[in-house]
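Coordinates in review
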Amino acid sequence: MQPLYILLLIATYFCVLLAIAYFTGKNDSNDSFFKADKSSPWHIVAFGMIGASLSGVTFISVPGLVQSSQFSYLQIVVGYLFGYFVIAYVLIPIYYKLKVTSIYEFLKLRFGTNSHKTGAFFFFISRALIASFRLFLVASVLQYFIFDAWNIPFEITVILSILLIWVYTFKGGIKTIVWTDTLQTLFMLTAVFATIFIIINQLNWSVTDIFTSQEFEKYSKIIFTDNFNDKNHLIKSFLGGMFITIAMTGLDQDMMQKNLTCKNIKEAQWNVVSLGFILIVVNFVFLTLGALLFIYANKFGIAVPTVDGALKTDLLYPEIALNSNLGVFIGTVFILGLIAAAYSSADSALTSLTTSFCIDFLDIENKEKSKQKLIRKKTHITVSIVLVVIIIMFKYVLEDNVINSLLQIVSFTYGPLLGLFTFGIFTKIEIKDKYVWIVGVLSVIATYFINSHSETILNGYVFGYELLIVNGFLTFLGLLLIKKTNS
């Protein structure tokens, strides 16, 4: 597919998003930007959150993960479901009862200002890194297949990507995101199913043939219980997935901000629980796509792309969709799906980071009414610049499959949030608030040390995604050490 055609397709897509932003952003109030006027239909939020939960990382990186890890990722996704139940019936009632705009206001009410700032800080770092990971992947694809042909630097690609998001979110905020995410989820799922249909036709297979073929069987092992030390072991993956969901969704302003736009607790709970079940099915479809991509590549002699001499399985899907003579249609749906998947998470991340910084650090709700909107808009621009800088840095430091890198960084940055909220919800112990940030930082350092030396000190044990639990537990213990003596 020609780079110019791809660029025109992206431009058309963003025109549609801008049209949605125009109608949803007319009010341009902080209440609409932060809360969507508390009027979002739960089923619209739930469907849109599929795209926000999956992102461009899932769209490309999960299929690319099949070669090395087969279908082991499903063990994590089943853990997600149980995490969503905890969110629905433990966390959401708390947030609605307190009527918070930022969920980290809970920490202020429970412990004090320093805990509030510490929680918001770890969210800001976490979400900025995650959003940057996801946009880095998409920017890399655009660079590889479009802008390299025109000798446009990667840095310009990144700036254009962030600029496009900023343009359609700067007025409507979360109110716009709720509706654009719905459209983007639809495009993403359409792209995946269309790709599967086209590939099985090229292989002269039926749907039944996929699951009965020997080629598919080589990639489709789901349950790994042979070696507990292995990071893909069932128990470790399940628990890791469960707590990753609690942290990345339930303790994350980005994901919870959408839930808090629902009309009441019941609708927000329906939204979360339904999402948990849907994600199992959707991720199975993505993994099936991954197996088909490698089967197709092997049959027709398509090599996995390399970047700077290293194999990049993340790029196999775009390589097949855009360069393997499958036709314009498959290239078109791939580009639409990729852009939809990427920006459905990135746009909400930009909005939630703006919200958190305004509420948690700038205390915007207590500023003069006449200045609040200007503060929000300046923050929105600043956060956009921060994301640009981080993404460009990733070009020079990121080597692993993106989904692995993403979930590993989550284990370090969300751990203190997990420990803080667990301590605050399930104990009544009062703590010395001024020391909370020290506990959070030391917990991250200790977790990094344990992870780096686990094979030596734990007899060959390799941490997977359950490292998040360790981090949260260390934070919990640290909070016990700073409890007030009169509590």
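Presented here is a report on the structure given in the accompanying data block. Every value quoted in this text rests on a predicted model; they were computed, and no experiment measured them. (Residues numbered from 1 in each chain as written. Predicted model: local features only at pLDDT ≥ 70, side-chain atom pairs only at ≥ 80, totals over all residues. Heavy atoms only, no water.)

Looking now at the overall build of the protein chain. Counting its regular elements, the protein chain contains 21 helices and two strands. Counting across all 487 residues of the protein chain, residues that qualify as buried make up 60%. Contacts spanning at least 24 positions in sequence make up 85% of the contacts within the protein chain whose residues lie at least 6 apart. Of the roughly 19,700 Å² that the protein chain leaves accessible, carbon and sulfur atoms contribute 65%. (Helix = DSSP H or I, 4+ residues; strand = E, 2+ residues; numbered from the N terminus. Buried < 20%, exposed > 50% of the residue type's maximum accessible area, 1.4 Å probe, protein only. Contact = heavy atoms within 4.5 Å. Areas by Shrake-Rupley, 256 points an atom, 1.4 Å probe, with all protein chains shown as cover.)

To continue, consider the pattern of salt bridges. Scanning the entire structure with this criterion turns up five salt bridges. As a salt-bridge pair, Arg 127 and Asp 252 come within 2.8 Å of each other at their nearest N and O atoms. Of this pair, Arg 127 sits in helix 6 (residues 113–145) while Asp 252 sits in the loop between helix 11 (234–250) and helix 12 (253–259), placing them 125 residues apart in sequence. (Salt bridge = Lys/Arg side-chain N within 4 Å of Asp/Glu carboxyl O.)

Unlike most non-glycine residues, Lys 99 shows phi in positive territory, near 55°. By secondary structure assignment, the location of Lys 99 is in the loop between helix 4 (73–98) and helix 5 (105–110). The class of Lys 99 is exposed, set by a relative accessible area of 73%. Positive phi, close to 55°, is recorded for Asn 459, a residue that is not glycine. Structurally, Asn 459 can be placed in the loop between helix 20 (454–457) and helix 21 (467–481).

By size, the foremost hydrophobic cluster in this structure holds 136 residues, and its most contacted members are Phe 59, Tyr 95 and Phe 334. If we skip the residues at most four places from it in the chain, Tyr 95 touches Val 100, Ile 103, Gly 250, Leu 251, Met 256, Leu 260 and Phe 421. (Core = buried A, V, L, I, M, F, W, Y, C linked by side-chain atoms within 4.5 Å.)

Further remarks concern the packing of aromatic side chains. Inspection of every chain in the model, using the stated rule, returns 25 aromatic pairs. On the basis of an interplanar angle of 50° and a centroid distance of 5.9 Å, the ring pair of Phe 412 and Tyr 448 is categorised as tilted. One end of the pair, Phe 412, is in helix 17 (residues 402–413); the other, Tyr 448, is in helix 19 (residues 436–452), and 36 residues separate them in sequence. Owing to a relative accessible area of 10%, Phe 412 belongs among the buried residues under this scheme. Tyr 448 sits in the exposed class, given a relative accessible area of 53%. Judged by centre distance (5.0 Å) and plane angle (75°), the rings of Tyr 461 and Phe 463 are edge-to-face. We classify Phe 463 as buried; its relative accessible area is 12%. Directly above the ring of Phe 228 sits Lys 236, whose terminal nitrogen or CZ lies 5.8 Å from the centroid. (Phe/Tyr/Trp six-rings, centres within 6.5 Å; stacked < 30°, edge-to-face > 60°. Lys NZ or Arg CZ within 6 Å of the ring centre and 35° of its normal.)

This brings us to the packing of helix 6 against helix 18 (residues 415–426). Interaxial distance between helix 6 and helix 18 falls to 9 Å at its minimum, and their mutual angle equals 145°. Crossing geometry of helix 6 relative to helix 18 is assigned as left-handed. Here Ser 115, Thr 118, Gly 119, Phe 122 and Phe 123 of helix 6 lie close against helix 18, whose contacting residues are Pro 416, Leu 417 and Leu 420. Among the residues making up the contact of helix 6 with helix 18, the classes are represented as five nonpolar, three polar and no charged. (Axes fitted to C-alpha atoms, helices over the stretch in contact; angles between N-to-C directions. Left-handed = near helix turned anticlockwise from the far one by under 90°. Nonpolar A, V, L, I, M, F, W, Y, C, P; charged D, E, K, R; others polar.)

Moving on to helix 19. Over its 17 residues, helix 19 runs 25 Å from end to end, which matches the ideal 24 Å to within 8%, given 1.5 Å per residue. Every buried residue belonging to helix 19 is among Val 436, Val 439, Gly 440, Ser 443, Thr 447 and Asn 451, and all of these are buried. In an axial view of helix 19, the angular spread of the buried residues amounts to 100°, which keeps them on one side of the axis. The exposed set on the far side of helix 19, more than 90 degrees from its buried face, consists of Leu 442, Ile 445 and Tyr 448. (Expected span 1.5 Å × (residues − 1). Arc of directions from axis to C-beta.)

This part covers helix 6. An α-helical turn contains 3.6 residues, so any two residues separated by three or four positions project in the same direction. The terminal C-alpha atoms of helix 6, which comprises 33 residues, lie 48 Å apart, in line with the 48 Å expected from a rise of 1.5 Å per residue. Within helix 6, 26 of the 33 residues are buried, leaving the element largely enclosed by the surrounding structure.

Looking at where Leu 251 falls in the secondary structure, it is placed in the loop between helix 11 and helix 12. Leu 251 sits in the buried class, given a relative accessible area of 1%. Those residues within four positions of Leu 251 in sequence are excluded, and the remaining contacts are Leu 91, Tyr 95, Ile 103, Tyr 104, Ile 246, Leu 417, Leu 418 and Phe 421.

On to the packing of helix 6 against helix 16 (residues 369–397). Helix packing geometry: the angle between the two helix axes and the distance between the axes. Taken N-terminus to C-terminus, the directions of helix 6 and helix 16 make an angle of 60°; their axes are 9 Å apart at the nearest point. In terms of orientation, helix 6 and helix 16 fall into the oblique class. Every pair of crossing elements has a handedness; the one defined by helix 6 and helix 16 is right-handed. Contacts between helix 6 and helix 16 involve Phe 124, Ala 128, Leu 129, Ala 131, Ser 132, Phe 133, Leu 135 and Phe 136 from the former and Val 383, Leu 387, Ile 390, Ile 391, Phe 394 and Lys 395 from the latter. (Parallel < 35°, antiparallel > 145°, perpendicular 65-115°, else oblique.)

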